[in-house]
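# Architecture and fold: a report
Chain by chain, the residues run as shown.
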Amino acid sequence: MLDELRELYQEVILDHGKKPRNFRRPEHPTNEAAGRNPLCGDQLVIYLDIAKDGRITDVAFVGKGCAISMASASMMTEIVKGRTVDEAKKLFESFHRMCTHDHGESPEADGDEDIEKLQVLSGVRQFPVRVKCATLPWHTLSAAIEGVKEVSTEAGG
Ligand code: ZN
């Protein structure tokens, strides 16, 4: 990757890390879950409003942690809002692959603008410890969707 691009990517991450989007606690979420990444000390709570048709009509989070986990959570809230829970799960799968497989851009990312946005975080695959920071918000989202109250990255993958 060109150094220039790398810098730009970091800027996006820093921006989301400093000014996380949808950082609030809604009063009556339909679903919520708490996630912890003991390796880094990241912790957050994801709040969802899931409509009867399975669409995620609102998503917000609170928490504290490193810039990667906060940026990832912030970007995730922007991307999954308005999606169905099935679409959100597919996004998580694509993102997880992107963060763990060391073979460049994943082909399924092609054409999906939202997945392309997440590419900025895929640099974490060079740093296995950071992968858990980047995927924590998604593990927590998925727990919230499934009705699981708490999730820890120590429980695997
Ligand atoms: Zn972290």
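Everything that follows concerns the structure shown earlier in this document.
Residues numbered from 1 in each chain as written. Predicted model: local features only at pLDDT ≥ 70, side-chain atom pairs only at ≥ 80, totals over all residues. Heavy atoms only, no water.

## Regarding the packing of aromatic side chains
Applied cut-off: Classification of ring pairs rests on two measures: the distance between centres of Phe, Tyr or Trp rings, Trp counted by its six-membered ring, which must be within 6.5 Å, and the angle between planes, read as stacked under 30 degrees, edge-to-face over 60 and tilted in between. For helices the rule is a DSSP run of H or I covering at least 4 residues; for strands it is a run of E covering at least 2, with both sets numbered from the N terminus onward. Categorising residues by exposure relies on relative accessible area from a 1.4 Å probe, with only protein chains included: less than 20% of the type maximum marks a residue as buried, more than 50% marks it as exposed, and the intermediate range marks it as partly exposed.
Within the structure shown, the criterion is met by three aromatic pairs. On the basis of an interplanar angle of 85 degrees and a centroid distance of 5.1 Å, the ring pair of Phe 23 and Phe 61 is categorised as edge-to-face. Here Phe 61 lies in strand E3 (residues 56–64) and Phe 23 lies in the loop between helix H1 (3–18) and strand E1 (31–37), a separation of 38 residues in the sequence. The interplanar angle of 20 degrees and the centroid separation of 6.1 Å between the aromatic rings of Phe 92 and Trp 138 together place this pair among those described as stacked. Residue Phe 92 is found in helix H3 (residues 85–100), and its partner Trp 138 is found in helix H5 (residues 128–146); the two are separated by 46 residues along the sequence. The residues Phe 92 and Trp 138 share a single accessibility class, namely buried. Through a chain of ring-to-ring contacts, the aromatic side chains of Phe 92, Phe 95 and Trp 138 assemble into a single cluster.

## Here's the deal with the environment of Leu 39
Examined against the element boundaries, Leu 39 turns out to sit in the loop between E1 and strand E2 (42–50). In this structure Leu 39 comes out as exposed when scored by relative accessible area, which is 57%. Placed 90 residues apart in sequence, Leu 39 and Val 129 show a C-alpha to C-alpha distance of 7.6 Å.

## A look at the packing of H3 against H5
Here is the rule: Lines fitted to the C-alpha atoms define the axes, with helices restricted to the stretch that makes contact. Angles between their N-to-C directions range from 0 to 180 degrees. Each angle receives one of four descriptions, namely roughly parallel if under 35 degrees, roughly antiparallel if over 145, roughly perpendicular if within 65 to 115, and oblique otherwise. The hand of a helix crossing depends on one turn: near helix anticlockwise from the far one by less than a right angle means left-handed, and clockwise means right-handed. It only takes one pair of heavy atoms within 4.5 Å for two residues to be counted as in contact. Only Asp, Glu, Lys and Arg are considered charged in this grouping, and only Ala, Val, Leu, Ile, Met, Phe, Trp, Tyr, Cys and Pro are considered nonpolar; every other residue, Gly among them, is considered polar.
Across the interface, H3 lies against H5 with an axial gap of 10 Å and an inter-helix angle of 160 degrees. The orientation of H3 with respect to H5, classified from their angle, is roughly antiparallel. Along this stretch, H3 crosses H5, giving a crossing that reads as left-handed. Residues Val 85, Ala 88, Lys 89, Leu 91, Phe 92, Phe 95, His 96, Cys 99 and Thr 100 of H3 lie in contact with H5, whose contacting residues are Val 131, Ala 134, Thr 135, Trp 138, His 139, Leu 141, Ser 142, Ile 145 and Glu 146. Looking at the contact of H3 with H5, its residues break down into 11 nonpolar, five polar and two charged.

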